[in-house]
Amino acid sequence: MKIPLSWVREFVDLPSKISNSDLEDAFVRVGFEVEEIIEAGSDLTGPLVVAKVETIEELSGNKKPIRYVGLDCGEGNTRYVICGATNFQVGDLVVAALPGAVLPNDFAISARETYGKTSNGMICSSRELGLSDEHSGIIVLPADSAKPGVDAVALLEIQDVIVDAAVNPDRGYALSIRGLARELAASLSLKYTDPAISVDSNKYEVNKDGVQISVEDPSALSIVFIRSISGFDASAPTPIWMSRRIEKCGMRSISLAVDITNYVMLELGQPLHAFDSSKIDGSLIIKRAGNSLNFKTLDGQERKLDKDDLVVADKKEPLALAGVMGGASSEVTSSTTSIALEAARFDPVTIARGSRRHKLSSEASRRLERGVDPSLAEIASSRAIDLMIELGGASHIGSAKSGEPKFVPVVTFDPNFVSQYLGTKVSLDEVEEKLKIVGCEIGKKSETQWSITPPSWRADLLLAPDLVEEVARMIGYQRIPSRLPVGKSGAQLTPSQTRKRAIANYLAGKGFSEVYNSPFVNPSFVADLGFTGDRAKSFKLANPMSEEFPDLRTHLLPGLLLTAVRNQGRGAKDIAIFEIGSVFRNTEKLDSPGVVGIDVVPNEKIKTSIYKSVPNQPLHVGAVVAGKLSADSWHTKGEKFTWVEAIGFARSIVENTGSITTTVPSDFAPWHPGRCAEIQIDGKPVGHAGELHPRVVSLLGLPERSCAFVVVLSAIPFSDSKKASSLVTMPPAIQDISLIVDQSIPAASVEFALREGAGNLLESISLFDRYEKVEEGKVSLAFTLVFRANDRTLTADEVSEFRKAATESATKKCGAVLRA
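What you are looking at is a predicted structure, and each value in this text was computed from that prediction instead of being measured.

Re the overall build of the chain
- Summing up its helical and strand segments, the chain has 20 helices and 40 strands in all.
- A globule of 820 residues ought to have a C-alpha radius of gyration of about 28 Å, yet the chain, at 38 Å, is considerably larger.
- The dimensions of the chain, computed from C-alpha atoms along their principal axes, are 125 × 80 × 55 Å.
- In the chain, buried positions account for 47% of the 820 residues.
- Of all intrachain contacts in the chain linking residues separated by at least 6 positions in sequence, the fraction that spans at least 24 positions is 70%.
- Accessible surface, the chain as shown: approximately 41,300 Å² in total, 49% of it carbon and sulfur.

So, the sheet that holds strand E23 (residues 339-346)
- Overall, antiparallel pairing links the 4 strands, which are arranged E16-E23-E15-E24 in an open sheet. Two strands bound the open sheet, and with one partner strand each, they are strand E16 (273-276) and strand E24 (395-403). Averaged over all pairs of adjacent strands, the angle between their axes in this sheet comes to 20°, without regard to strand direction.
- Sheet topology note: the strand E15 (residues 221-230)/E23 ladder contains 8 bridges and is antiparallel.

Quick word on the layout of surface pockets
- Here the largest pocket defines a volume of roughly 1,200 Å³.
- Looking at the largest pocket, it is lined by 48 residues, and the ones nearest its centre are Ser-126, Ser-132, Glu-134, Ile-139 and Glu-247.
- Listing elements by their share of the lining of the largest pocket, those giving two or more residues are strand E2 (34-40), strand E12 (140-141), helix H5 (240-248) and helix H6 (256-268).
- Residue contributions to the lining of the largest pocket peak at 5 residues, all from H5.
- The class makeup of the residues in the lining of the largest pocket is 22 nonpolar, 14 polar and 12 charged.

Observations regarding unusual backbone geometry
- The step from Ala-669 to Pro-670 runs through a cis peptide bond, and the omega angle for that step is 10°.
- Its place among the elements puts Pro-670 in the loop between strand E33 (662-665) and strand E34 (671-681).
- In this structure, Asn-105 is a non-glycine residue whose phi angle is positive, near 65°.
- Considering the arrangement of structural elements, one finds Asn-105 in the loop between strand E7 (102-103) and strand E8 (107-108).
- Although it is not a glycine, Asp-682 sits at a positive phi angle of roughly 55°.
- By relative accessible area, which is 73% here, Asp-682 ends up exposed.

Looking at the pattern of salt bridges
- All chains considered together, the criterion is met by 46 salt bridges.
- Among the ionic pairs, Arg-651 bridges to Glu-655, the shortest N-O distance being 3.4 Å. Placement of both Arg-651 and Glu-655 in helix H17 (residues 643-655) is noted, with a separation of 4 residues, approximately one turn of the helix.
- Looking at Arg-651, the relative accessible area reads 25%, which means it is partly exposed.
- When its relative accessible area of 33% is taken as the criterion, Glu-655 is described as partly exposed.
- The partner of Arg-792 in a salt bridge is Asp-791, with the nearest N and O atoms 3.9 Å apart.
- Using a relative accessible area of 33% as the deciding quantity, one classes Arg-792 as partly exposed.
- Linked through salt bridges whose partners overlap, the residues forming this network are Arg-171, Glu-183, Arg-458, Asp-460, Glu-470 and Arg-473.

Overview of the side chain of Ser-809
- Inspection of the secondary structure puts Ser-809 in helix H20 (residues 796-814).
- Judged by relative accessible area, Ser-809 falls into the buried class, the value being 12%.
- Of note is the side chain of Ser-809, whose polar atom sits 2.7 Å from the backbone oxygen of Ala-753.
- What Ser-809 contacts, discounting residues up to four positions off in sequence, is Ala-753, Glu-756 and Gly-757.

Notes on empty space enclosed by the protein
- Tallying each qualifying case throughout the model produces 3 cavities of 30 Å³ or more.
- Its boundaries defined by the atoms lining it, the largest cavity holds a volume of some 90 Å³.
- If you trace the largest cavity, you find 13 residues lining it, with Tyr-173, Ser-176, Leu-268, Leu-376 and Trp-457 closest to the centre.
- A total of 3 residues in the lining of the largest cavity trace back to one element, the largest contributor, which is helix H4 (residues 177-188).
- Split by residue class, the lining of the largest cavity holds 5 nonpolar, 5 polar and 3 charged.
- Here the second largest cavity defines a volume of roughly 50 Å³.
- Around the second largest cavity sit Tyr-173, Arg-182, Glu-183, Ala-186, Ile-437, Val-438, Trp-457, Arg-458, Arg-473 and Met-474, which together line it.

Observations regarding the sheet that holds strand E28 (residues 513-514)
- The sheet built from 7 strands is open, its strands ordered E28-E31-E32-E36-E35-E34-E33 with mixed pairing. Of all strands in the sheet, those bounded by a partner on one side alone are E28 and E33.
- For strand E32 (residues 619-626) and strand E36 (residues 707-712), the ladder comprises 6 bridges, and the chain directions are antiparallel. If you follow Val-621 over to E36, its bridge partner there is Val-711.
- Across the sheet, helix H13 (residues 495-509) touches E28, strand E31 (575-582), E32 and E36, and the angle it forms with E31 is around 175°.

Parameters and conventions
Residues numbered from 1 in each chain as written. Predicted model: local features only at pLDDT ≥ 70, side-chain atom pairs only at ≥ 80, totals over all residues. Heavy atoms only, no water. Helix = DSSP H or I, 4+ residues; strand = E, 2+ residues; numbered from the N terminus. Rg over C-alpha atoms; globule rule 2.2 N^0.38 Å. Buried < 20%, exposed > 50% of the residue type's maximum accessible area, 1.4 Å probe, protein only. Contact = heavy atoms within 4.5 Å. Areas by Shrake-Rupley, 256 points an atom, 1.4 Å probe, with all protein chains shown as cover. Pairing = 2+ DSSP bridges. Axes fitted to C-alpha atoms, helices over the stretch in contact; angles between N-to-C directions. 1 Å grid on protein atoms, 1.4 Å probe; cavity = no way out; pocket = protein on both sides within 12 Å on 5 of 7 lines; lining within 4 Å. Points joined across faces, edges and corners; volume = space filled by probe spheres on them. Nonpolar A, V, L, I, M, F, W, Y, C, P; charged D, E, K, R; others polar. Salt bridge = Lys/Arg side-chain N within 4 Å of Asp/Glu carboxyl O. Polar contact = N/O pair within 3.5 Å; in protein donor to acceptor, adjacent residues only side chain to side chain.

As structure tokens, this is what we get:
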């Protein structure tokens, strides 16, 4: 929200000189981040005057319109300038920069020869003076607004300080001069005058004259006013002081009627909308759109209305998307003479839904969806009617009203809690003072209980902690001591946290980089990867952050693959990334617990129903490797990462938890069906690893043979205890064995058979070679078997028997033949 300091000074007794740093500190102290402080007009110097157009000579023979203009600059003689704009005529008042002036961006003005004439100055547009981005023509001032030769810098209030403050969603009241001026005054302990107090709303009585209003859905708003006027001169110019204030706040001056509604909104914070009364059939109705189909808004867009959209309509058609934008059919134009002005306190959720449904965010919806002061509908509409009568020559016909303002309830508050919650001493007198500065009214008081009525503009003050926070803001957060929290005695990581940390450290130590991806996915991309069945059953978000990613993820790979593609696009050649996170699968029916109140602690039955309404969220670890795991260096070449390494990492993750794994072939998408393995514990799958399917690699443009692995950490059991392996001093007996098996037999099956036959003294077994060019349909697998006894050195005969038994077991179970 941009606010010019010149406007703020009307309501706050600011010092004549206040530094930008003091302004910024003042807003920050009360919780408002300052985006920017603009010193408007600081880069403009020299003579800038009001000039009257006396003559216009059209210079022909040029590719664009060129005029030689004679100006009365109050100097007693005519000054001539060249101008390319055509939006003015003889008799108009314009702004002229005379030689010696320096405009923004260090643009110096001097007399110069051009188009065969001497241009002794320049007629200025708004953009050239840094007033706004408007550059379709030069500035044309209202007639009789000033005399030629008057200083235009002062007339246009060009030199000003504009503060751009960031307003949080729960501080809708601060989207106005009224709100931010109050906060600034409170921060600097200065006198503040509420602009709403000066408005006399009682002079416009509610009667049956003018346009009437009815509400079909009372839940959509609490109160609405319609004030009708006639005899309005819509072609009357907007006063310079009003248009300049609107421009300084970042909006555009449009017409007198629209400018008045915008001016009051900026001043008080209440959005208003003006209808052309002559275009209204009968009375106005606020209702849901229902069967209404198409509706053209003021921005010229044809919009398809949803049945739940809240609209302001007459007997024939919708006239406005309530609280968001008006309709073209009832727009106020230069020929409008009668106006029906609407001011309402709409339900914030209803407005937010309508705005997001149509992807249409307006200045009005930004305020209404945050909640506006319920008392402002009456006050702001009266303020706008006052201005329309004063500036547009209108007459008030009548006012209509529906509903009553609804204010936040009284809060019972123990003032002693402030010191307890904040950890610093705050006296009761100071608590009372700060709450009154915020706008609270304090009713009945005792030592331990106060009755607090929050101000009408603070619908967020509902509980005692809310009031404590307000006191903290007002006394300054620097008063709160900084102390590190003391943990519970004996606190430690949970087994799940320990496991996550250990796996993350393991992968990071192996050269992987951890990433954190958004849990939202595009369902079409998930389908492209080949996910089907339960692995594709997702939850669709009711209000997604992006329409491109409307579903919760059912797997880590979609996010990891897109991250790999993004990094590759930024120049990364070798990518090795991993993520540990939850996935969400819509595989069982979830029953909603309904609306759970916050006034009491839920009982066990309600707690159980709440937990049952939340989907299962298993924890996964996933990784993608494209290229090499380690980069090339001057003394060594990095090895290509293959699907064998991917399976090895997946197995290591599981086995590092103390579990025994079995590896079997798999054809899960998005892996290559011939180069994918399933990791099992006791026959139950806990992970998949291998090379990505060529189709997926081609789709994403990843390097050939890119690999991935995923392990379901939630499916791995936790061991009650871990037994350290004993330190054996006896020498090992090492035997190599090479077996020929059918190509369809997994190496893991052969290893399992060897392990079963080798006996209890087998310490380890590992596959060290795979040779496929043996004979058609066959493969040679070479294993290293390590035998060791705890109490003696094994003899050669013993080791031969163990090797023979292992070979026989592999022959019996896998059809293996000992390779000569």
